[in-house]
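These are the residues of each chain, in order.
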Amino acid sequence: MKQRVIAVVLTCLLVLLMVSGCTGTTTGFAPAGSSENKKLVVGTNAEFPPFEYIDDNGKPDGFDMALIKAIGEKMGKEVDIQNMEFDSLVSSIGTKIDLAIAGMTVTEERQNTVDFSDPYYTAVQYVILPADSEIATYEDLSGKAIGVQLGTTGDFDASDIEEADSSTKVSRYNKGVDAVNDLLNGKVDCVIIDKNPAETFVSKHAEELVAVDGSQFGFEEESYAIAMPKGDKELVDAVNKALQEIKSEGTFDKLVEEYIGN
Ligand code: ARG
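To keep things clear, this report deals only with the structure shown in the data block. Quick caveat: nothing in here was measured; it's all calculated off a predicted structure. (Residues numbered from 1 in each chain as written. Predicted model: local features only at pLDDT ≥ 70, side-chain atom pairs only at ≥ 80, totals over all residues. Heavy atoms only, no water.)

**A word on helix H10 (residues 251-259)**
Among all positions of H10, only Phe252, Leu255, Val256 and Tyr259 are buried. Taken around the axis of H10, the buried residues stretch over an arc of 100°, which confines them to a single face. Facing away from the buried side of H10 by more than 90 degrees, the exposed set consists of Asp253, Lys254, Glu257 and Glu258. Its buried side turned inward, H10 meets strand S3 (52-54), strand S4 (60-61), helix H2 (63-75) and helix H9 (233-248). Looking one or two places after H10, you find Gly261, whose phi comes out positive at around 75°. (Buried < 20%, exposed > 50% of the residue type's maximum accessible area, 1.4 Å probe, protein only. Helix = DSSP H or I, 4+ residues; strand = E, 2+ residues; numbered from the N terminus. Arc of directions from axis to C-beta. Contact = heavy atoms within 4.5 Å.)

**A word on the layout of surface pockets**
Taken as a whole, the largest pocket spans an internal volume of roughly 170 Å³. Surrounding the largest pocket, Phe86, Asp87, Val90, Met104, Thr107, Glu109, Arg110, Thr113, Gly151 and Phe156 form its lining. Broken down by element, the residue count for the lining of the largest pocket peaks at three residues, all from helix H3 (residues 86-92). Here the lining of the largest pocket is composed, by residue class, of four nonpolar, three polar and three charged. (1 Å grid on protein atoms, 1.4 Å probe; cavity = no way out; pocket = protein on both sides within 12 Å on 5 of 7 lines; lining within 4 Å. Points joined across faces, edges and corners; volume = space filled by probe spheres on them. Nonpolar A, V, L, I, M, F, W, Y, C, P; charged D, E, K, R; others polar.)

**Thoughts on the sheet that holds S3**
Whether parallel or antiparallel, the strands of a sheet pair through hydrogen bonds between backbone atoms. Spatially, three strands are ordered S2-S3-S4 in an open sheet, and the strand pairing comes out antiparallel. A single partner strand is all that each edge strand has here, and the edge strands are strand S2 (47-48) and S4. In the sheet, S2 pairs with S3 via two bridges, with the strands oriented antiparallel. Bridge assignment links Phe48 to a residue of S3, and that residue is Glu52. (Pairing = 2+ DSSP bridges.)

**A look at the nonpolar core**
The biggest cluster of nonpolar side chains holds 61 residues, and the ones touching the most others in it are Phe63, Leu67, Ile71, Tyr120, Ile128, Leu141 and Ile226. For this core, the element with the highest residue contribution is H2, accounting for eight residues. Each of two domains, domain 1 (36-122 + 223-259) and domain 2 (125-220), supplies a minimum of three residues to this core. Those residues in contact with Leu141 that lie beyond four places of it in its chain are Val127, Ile135, Ile146, Ile161, Thr168, Cys190, Phe217 and Phe219. Phe29, Phe86, Met104 and Ala227 belong to the second largest nonpolar core, which has 14 residues in total. (Core = buried A, V, L, I, M, F, W, Y, C linked by side-chain atoms within 4.5 Å. Domains from an automatic or database assignment.)

**With respect to the site of the ligand**
Every one of the 14 residues lining the ligand counts as a neighbour, but Asn45, Ala102, Thr105, Arg110 and Asp194 are closest to it. Between the ligand and Asn45, the relevant distance is 2.8 Å, taken from a nitrogen atom to a side-chain nitrogen or oxygen of the residue. Between Asp194 and the ligand, the recorded distance is 2.6 Å, taken from a side-chain N or O atom to a nitrogen atom. Summarising the interface, the protein chains cover 100% of the accessible area of the ligand, which totals 350 Å² for the free molecule. If you map the ligand onto the pockets, it falls in the largest cavity. Partitioned by chemical class, the residues of the shell around the ligand number five nonpolar, six polar and three charged. Split by domain, the residues of the shell around the ligand number at least three in each of domain 1 (36-122 + 223-259) and domain 2 (125-220). (Near = heavy atom within 4 Å. Polar contact = N/O pair within 3.5 Å; in protein donor to acceptor, adjacent residues only side chain to side chain. Areas by Shrake-Rupley, 256 points an atom, 1.4 Å probe, with all protein chains shown as cover. Sits in = over half its atoms within 2 Å of the grid points.)

**Let's talk about the environment of Ile193**
Among the secondary structure elements, Ile193 is positioned in strand S12 (residues 190-194). For Ile193, a relative accessible area of 4% puts it in the buried group. Sequence separation of Ile193 and Ala179 is 14 residues, and the distance between their C-alpha atoms is 9.5 Å. Every residue in contact with Ile193, bar those within four places of it in the chain, is listed here: Phe48, Val124, Gln125, Tyr126, Ile128, Gly176, Ala198 and Phe201.

**A short note on the pattern of salt bridges**
The final tally for this structure, using the stated rule, is 10 salt bridges. Linking Glu249 and Lys74 is a salt bridge whose minimum nitrogen-to-oxygen distance equals 2.7 Å. One end of the pair, Glu249, is in the loop between H9 and H10; the other, Lys74, is in helix H2, and 175 residues separate them in sequence. According to the relative accessible area criterion, Glu249 is partly exposed, its value standing at 47%. Exposure remark for Lys74: the relative accessible area of 34% places this residue in the partly exposed category. In this structure, the salt-bridge partner of Asp115 is Lys230, at a minimum N-O distance of 3.3 Å. With Asp115 in strand S7 (residues 114-116) and Lys230 in the loop between strand S15 (227-229) and H9, this pair connects stretches of sequence that are 115 residues apart. Linked by salt bridges that have partners in common, Lys74, Lys241, Glu245 and Glu249 make up one network. (Salt bridge = Lys/Arg side-chain N within 4 Å of Asp/Glu carboxyl O.)

Shown next as structure tokens:
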């Protein structure tokens, strides 16, 4: 009897060991730093045109996607793009993904958990308004219904306004486009989102909406960079070196022209 119990316990342990040994390979994730690893697992949130969006074939495309493929090529790695919610990106770095490229702004808070590449793009929050809106200043945003994408710097700006005046109502969406749709439906009074996506979304509703430069509201300039595991100097250096080459060869400017324009 005792022997049978021991046998069962040992079998269970063996099965457990086998299963746990397998999980690493089932996700296909192994840290990029390991030199034999030819794959670069890239996280993004393809809801942010022109930086990332799903193309007509259902694949992630956009400026960031083209840039990271060029960087991967320089590093001799095959790029595997994983589309996920923006709010999950930072916490997935180093476990589910090697790095994230998602029009992600460098913030002090994020720098507590990840390291960033050299910045590659300058942006600012924009305020999308109905064409006939009377909102024109930062003070005007107080007490309004504001739509944002969850976990973005637009969300942080709106949260500041909400904190100062609790009659402000912030609606947080997983996709920026859903915030814009609720603006069109009259469910929110404005949407705070980065400049280029704001302009892209508004261009599809030019009669009803306007995109106002957030510097008019006092929003500060932001820098986009690639986020990587904290302390992975080897990866950060390799990405920065590739980025530098892509810039000096003129490829970077070509991609800006192709995907973003002026
Ligand atoms: N720049 C903003 C931020 O870092 C918004 C980025 C949203 N990006 C996206 N792919 N949805 O918070």
